[in-house]
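Now for the letters of each chain:
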Amino acid sequence: MDWKDRRRKFRQVIGSERCIRPGSVHDALSARIAEDLGFEAGMLGGSVASLAVLGAPDVMVLTLSELAGLVQRINRAGNLPLMIDADHGFGNGLNVRRTVEELETAGAAGLSIEDTDLPEPYGSGGKTRILSIEEGVGKMRAALAGRQDPDLVIAGRTSAASVNGLDDAIARAKAYEAAGVDAIFLIGLKTRAELDAASEAVGLPLIIGGVPPELNDWDYLSARRVRIALQGHQPISAAIAAVEKTLRALKEGAHPSEIDGLAAPDLIRRVTRADDYEALAERTLGRSD
């Protein structure tokens, strides 16, 4: 499957009548595992990319080139359609266009551009700040201008519901819909009443970040036009815990044979596609029995 086919497949997800849970991935192996398990799409979060590349928190120190490199490595490892959290597009509208160009070239099937004022400006006191609707619209237009493949899904993302309130979030969603984005990505919805209001206000597919208990009903989400519901990024958190536990045990004197929870050899062979490499070696390296 080439990258255009993945984008078409991801568009089918967005255009369907049901909500999916994407697999949170952070590298080539995690993406292959998600694909092997049958996930219909992968999600690369901004915080996850920062952890994977820099070992840094989500404070906007990751660069566009570093993100694009990670996206390319994930995409070349398999055929899983990948949605990218492209944060604020790494700057103003001109930077947003460049961001879309780079991530599309790296194989993204979809990406979101948000209207948060990033990186954190001096004097903000750690409080999330949202750009004006006019600047947010400008970023959405810039993202669409940077798109070369019309099948690339571009979602307009806003956290306004948790910062400025639901009315502002809906006003932004309607403005970004009018600008021409393919989906609306809403962060901070907590209740059915809030989601109902957002779903009634816009006609585009919805993506929501996090599923609080009141919204944890996949038939309900599907009926409200939610097509992707994020569930957090547990895989990389689990990987960090496993590495720390293993290294701690070895540092404290455990013998390697005493370490539990290791991947079985057949799992490693599968996720590294060892059989494919061996078959290629037989054809190209002149090997014989």
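Here, every reference points to the structure presented above.
Throughout, residues of each chain are indexed from 1 in the direction in which the sequence is written. Local features in a predicted model are, by the rule used here, given only for residues with pLDDT of at least 70; side-chain atom pairs are given and counted only at 80 or more, and totals for whole chains, interfaces and linings are based on all residues. Only heavy atoms go into the side-chain values, all of them from the structure, while hydrogens and water stay out.

What about the nonpolar core?
Piece 1. Grouped together as the largest cluster of nonpolar side chains are 57 residues, with contacts concentrated most on L44, L67, I84, L103 and L221.
Piece 2. At six residues, helix 4 (residues 64-76) tops the list of elements feeding residues into this core.
Piece 3. Residues count as neighbours in contact if any of their non-hydrogen atoms are within 4.5 Å of one another. Beyond its immediate sequence surroundings of up to four residues, L221 is in contact with C19, L195, I208, V211, L215, V226 and A229.
Piece 4. V13, A155, A183 and I207 belong to the second-largest nonpolar core, a separate cluster that totals 16 residues. What makes a nonpolar core is a set of buried Ala, Val, Leu, Ile, Met, Phe, Trp, Tyr and Cys residues whose side-chain atoms join them at distances within 4.5 Å. Under the scheme applied here, a residue whose accessible area is under 20% of the maximum for its type counts as buried, over 50% as exposed, and between as partly exposed, the area being computed with a 1.4 Å probe on protein chains only. Runs of H or I in DSSP of at least four residues are treated as helices and runs of E of at least two as strands, each being numbered from the N terminus.

Quick word on the environment of I170
Piece 1. Note on placement: I170 falls in helix 8 (residues 166-179).
Piece 2. Given the relative accessible area of 16%, I170 is considered buried.
Piece 3. Considering only alpha carbons, one finds I170 and I208, 38 residues apart in sequence, at a separation of 13 Å.
Piece 4. Ignoring sequence-local partners within four residues, the contact set of I170 consists of A197, A198 and A201.

Observations regarding the pattern of salt bridges
Piece 1. For this document, the term salt bridge refers to a Lys or Arg side-chain nitrogen within 4 Å of an Asp or Glu carboxyl oxygen. Under the definition given, this model contains 24 salt bridges.
Piece 2. Close ionic contact of R7 with D149 constitutes a salt bridge, the shortest N to O distance being 3.1 Å. With a gap of 142 residues between them, R7 in helix 1 (residues 3-14) and D149 in the loop between helix 6 (133-146) and strand 5 (153-158) connect regions that are remote in the sequence.
Piece 3. Given a relative accessible area of 6%, R7 falls into the buried group.
Piece 4. Look at D149 and you get buried, because its relative accessible area is 7%.
Piece 5. Sharing partners across several salt bridges, the network here consists of K4, D5, R7, R8, R11, R147, D149, D151 and D182.

Brief notes about the packing of aromatic side chains
Piece 1. Each Phe, Tyr or Trp ring (for Trp, its six-membered ring) is paired with any other whose centre lies within 6.5 Å, and the angle between the two planes then decides the class: stacked below 30 degrees, edge-to-face above 60, tilted in between. As enumerated under the stated definition, the model contains zero aromatic pairs in all.
Piece 2. One cation-aromatic arrangement involves R157 over F185; the distance from NZ or CZ to the ring centre is 4.6 Å.
Piece 3. Note on criteria: charge over ring means Lys NZ or Arg CZ within 6 Å of the ring centre, with the direction from the centre no more than 35 degrees off the ring normal. A cation sits over an aromatic face here: R192 above Y220, 4.1 Å from the ring centre.

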